[in-house]
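# Structural features, examined
Residue strings, one per chain:
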Amino acid sequence: QQIWLDPGLVVRSDVAALEAALREADPCGGATALQAAVEQCRGEFLEGLSLRDAPAFEEWQFFERERLHGLLLQANERLCAMFWRRGQLDKALAFGRRMLDAEPWHEGALRAVMVLLLQRGQRAEALAQYAAFCQQLDDELGAQPDPETVAIYE
């Protein structure tokens with residue numbers, strides 16, 4: 001019914017590092033700890049772990065995965081914005097693309113990626129990114145992009 005870690009053990013956790021980095025990150029300051037924490041996160045929370053006949057565990061695991069997915073998106077969004085403000089467009093673009101990889105229908109991430117590509121002089125790639133997004137949005141959700149996204153395209 002219960003599991004716990006021995007408090008005497010030194011355990012490193014990507015989840016703990018991400019939560020601490022988000023708490024401590026200065027929105028206008030350094031991105032080193034936050035970037036390191038994001039780069040440590042791989043795969044879904046407790047990927048591959050399941051318990052038979054444990055619906056309460058499965059429910060907790062599902063909601064914890066969703067919570068951590070949101071934290072990772074938030075961290076990538078912060079890093080994208082930090083590097084963008086500094087004029088480090090390559091790094092900003094990398095974190096914008098990570099957001100889109102994690103959440104393909106995240107229009108804020110798409111808009112950031114499109115504008116960053118345009119700022120780098122990659123107009124054709126920005127238009128291709130938009131076209132792929134629109135196709136996926138229509139195919140999967142039967143929806144159209146927001147007017148703000150269309151305005152960037154136009």
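Quick look at the structure, then. (Residues numbered from 1 in each chain as written. Predicted model: local features only at pLDDT ≥ 70, side-chain atom pairs only at ≥ 80, totals over all residues. Heavy atoms only, no water.)

### Comments concerning the overall build of the chain
As a reminder, the rule being used: Helix and strand definitions here come from DSSP, where helices need a minimum of 4 consecutive H or I residues and strands a minimum of 2 consecutive E residues; each element is numbered from the N-terminal end. Only heavy atoms enter the contact rule, under which two residues are in contact if any of them lie within 4.5 Å. Note on areas: Shrake-Rupley, 1.4 Å probe, and residue coverage restricted to the protein chains presented here.
Each helix and strand in the chain was counted, giving seven helices and zero strands. Helices and strands in the chain line up, N terminus first, as α-α-α-α-α-α-α. Taken over the C-alpha atoms alone, the chain extends approximately 55 × 40 × 20 Å along its principal axes. In the chain, of all internal contacts separated by at least 6 residues, the share reaching a separation of at least 24 is 56%. Only carbon and sulfur atoms are counted for the fraction: they give 52% of the accessible area of the chain, which is about 10100 Å².

### Some details on the packing of aromatic side chains
Going by this rule: A pair of aromatic rings is counted whenever rings of Phe, Tyr or Trp (Trp by its six-membered ring) have centres within 6.5 Å, and the orientation is called stacked for planes under 30 degrees apart, edge-to-face for over 60 and tilted otherwise. The buried label applies to any residue whose accessible area, calculated with a 1.4 Å probe on protein chains only, is under 20% of its type's maximum; exposed applies above 50%, and partly exposed to all values in between.
Applying the stated criterion across every chain, the model contains five aromatic pairs. Relative to Phe-95, the ring of Phe-83 lies with its centre 5.8 Å away and its plane at 10 degrees, an arrangement referred to as stacked. You can see Phe-83 sitting in helix α3 (residues 55-85) and its partner Phe-95 sitting in helix α4 (residues 89-102), a full 12 residues away along the chain. With respect to burial, Phe-83 and Phe-95 carry one shared label: buried. Seen in terms of ring centroids, Tyr-130 and Tyr-153 are 4.2 Å apart; in terms of plane orientation they differ by 15 degrees. Their pairing is stacked. Placement of the pair is Tyr-130 in helix α6 (residues 123-141) and Tyr-153 in helix α7 (residues 147-153), with a sequence separation of 23 residues.

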